[in-house]
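Given next are the chains, with one letter for each unit.
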Protein chains: 2
Amino acid sequence: MPDGSKTDRPRTRIQQRNRDLIAEAALEVFSTHGFRGATLDNIASEAGLSKPNLLYYFPSKEAIHTQLLSTLMDTWLDPLRALDAQGDPITELLAYVERKLEISRLYPRESRLFANEIVQGAPRMLTSLEGELKDLVDEKVAIIRDWADQGKIAKVHPYHLIFSIWSLTQHYADFDVQVRAVLGGEEPFDEAPAYLREVFLKLLTP
Amino acid sequence: MPDGSKTDRPRTRIQQRNRDLIAEAALEVFSTHGFRGATLDNIASEAGLSKPNLLYYFPSKEAIHTQLLSTLMDTWLDPLRALDAQGDPITELLAYVERKLEISRLYPRESRLFANEIVQGAPRMLTSLEGELKDLVDEKVAIIRDWADQGKIAKVHPYHLIFSIWSLTQHYADFDVQVRAVLGGEEPFDEAPAYLREVFLKLLTP
DNA sequence: GTCTATAAATAGATAGAC
DNA sequence: GTCTATCTATTTATAGAC
């Protein structure tokens, strides 16, 4: 009797497929227009479903948004989770920068989804920021502080170091139109990896 | 006959005062909720005026937003304009960073107003980005490139250098809630100036 | 110049047939 | 499970009295 129930949400294949369609459409629309700017009409037509059908799968617009944020939260935190206290400090931190930048390149919508939410004061995400996010950062800050104390990297403020990694890498996703407007034809991600590597190598070298 | 008419918009004292009240209220509301999230009701009550009275002074919600963006565009560009080709290169660039950070501290709403607009693809600002902004950046990039060619600063990609200054300084305004959530009680602007100075000093020193 | 009342459009959500 | 039709609330904008 192989069935795989009991996992709570997804049941049939068609349900799973439609939930996925909705999540994908919602990501597209929420990341481009923010929560208020997005409409169920937009999301429905992007998903190729009718508006009432959307609300058959999710109880409300808010529920779609919330589910999206919490699903993607893990993806968002993974690169920092991977920072390894046992590895070589400079290598670990540069690899973290590289991962974050690669995520901005490959998943700009996810980055903008969070950016929209946070710029507006994170009304639907504040507890996650003060909980999961802060806990993870505190844990990694302790590692970075040890590295600095042992003279393995330069003595930099560990929290602000992390802010600067977020800021510099996510900028290429969140402010993509501005970056491209200023660069004209040049592709941002051609030069960004080497540039950011240089920034953090110079900063972190003791 | 001293009167000061002919300047086109503001006439009486009361008109000027109400236009200012509306601009201030609109900045507050648009910067917190974005264009779609803001309502005329919010803006009106924030300004202490009735909704129809708002529309006596401005033809539409869009017009308020547009006027706000174009008024603040100059303030936004001024710190970069002040970059002086005749000054000492490192001093000039560090002073630019300091000015931008100070603006994030003193005028976070203005920063978030632009952030909201740009994250969503700058639908009402794209021409400004491709015009005024790109022109100014191109001009200053030429200066930075000269400095690098003359060996007065390290050889860094000038466009990405500017992106990194924007990104690192505006982060403290745009992502303020996140920064504060992670820091717990610590005041971001206590450490940020010294941290950013260190980042750019290390990066730019030849 | 400012207000109350209201029109017109949009958007989130529900009813009920199939 | 999916659709059409519709309800209700919100929101932009206007009319018209004062």
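Structure report, in brief. (Residues numbered from 1 in each chain as written. Chains lettered and ligands numbered in written order. Predicted model: local features only at pLDDT ≥ 70, side-chain atom pairs only at ≥ 80, totals over all residues. Heavy atoms only, no water.)

Bringing the packing of helix α9 (residues 176-183) of chain A against helix α8 (residues 158-174) of chain B into the picture now. Packed helices, taken two at a time, are described by the angle their axes make and the gap between the axes. Interhelical geometry of α9 of chain A versus α8 of chain B gives an angle of 150° and a closest axis separation of 11 Å. With respect to α8 of chain B, the element α9 of chain A is oriented roughly antiparallel. Crossing geometry of α9 of chain A relative to α8 of chain B is assigned as right-handed. Counted together, Q178, V179, V182 and L183 of chain A of α9 of chain A and Y159, F163 and W166 of chain B of α8 of chain B form the full contact between these two elements. Considered class by class, the residues forming the contact of α9 of chain A with α8 of chain B number six nonpolar, one polar and no charged. (Axes fitted to C-alpha atoms, helices over the stretch in contact; angles between N-to-C directions. Helix = DSSP H or I, 4+ residues; strand = E, 2+ residues; numbered from the N terminus. Parallel < 35°, antiparallel > 145°, perpendicular 65-115°, else oblique. Left-handed = near helix turned anticlockwise from the far one by under 90°. Contact = heavy atoms within 4.5 Å. Nonpolar A, V, L, I, M, F, W, Y, C, P; charged D, E, K, R; others polar.)

Okay, the relation of the copies chain B and chain A next. If you rotate chain B by 180° and push it 0.0 Å along the axis, it lands on chain A with an RMSD of 0.0 Å. This pairing of chains is accounted for by a two-fold axis. Counting the interface residues of chain B, we find that 100% of their copies in chain A are interface residues as well, pointing to one common contact surface. (Least-squares fit on C-alpha atoms with pLDDT ≥ 70 in both.)

Glancing now at the side chain of S167 of chain A. Its place among the elements puts S167 of chain A in helix α8 (residues 158-174). For S167 of chain A, the side chain forms a polar contact with the side chain of S167 of chain B, separated by 2.5 Å. Setting aside chain neighbours within four positions, we find S167 of chain A in contact with S167, L168 and H171 of chain B. (Polar contact = N/O pair within 3.5 Å; in protein donor to acceptor, adjacent residues only side chain to side chain.)

This part takes up unusual backbone geometry. Residue and element names in this part refer to chain A. Here the phi dihedral of A122 falls at roughly 55°; this positive angle occurs in a residue that is not glycine. With respect to the helices, strands and loops of the structure, A122 is situated in the loop between α6 (108-119) and α7 (126-149). A residue is classified by how much of its surface remains accessible, and A122, at 0% relative accessible area, is buried. (Buried < 20%, exposed > 50% of the residue type's maximum accessible area, 1.4 Å probe, protein only.)

Keep in mind these numbers describe shape, not what the thing actually does.
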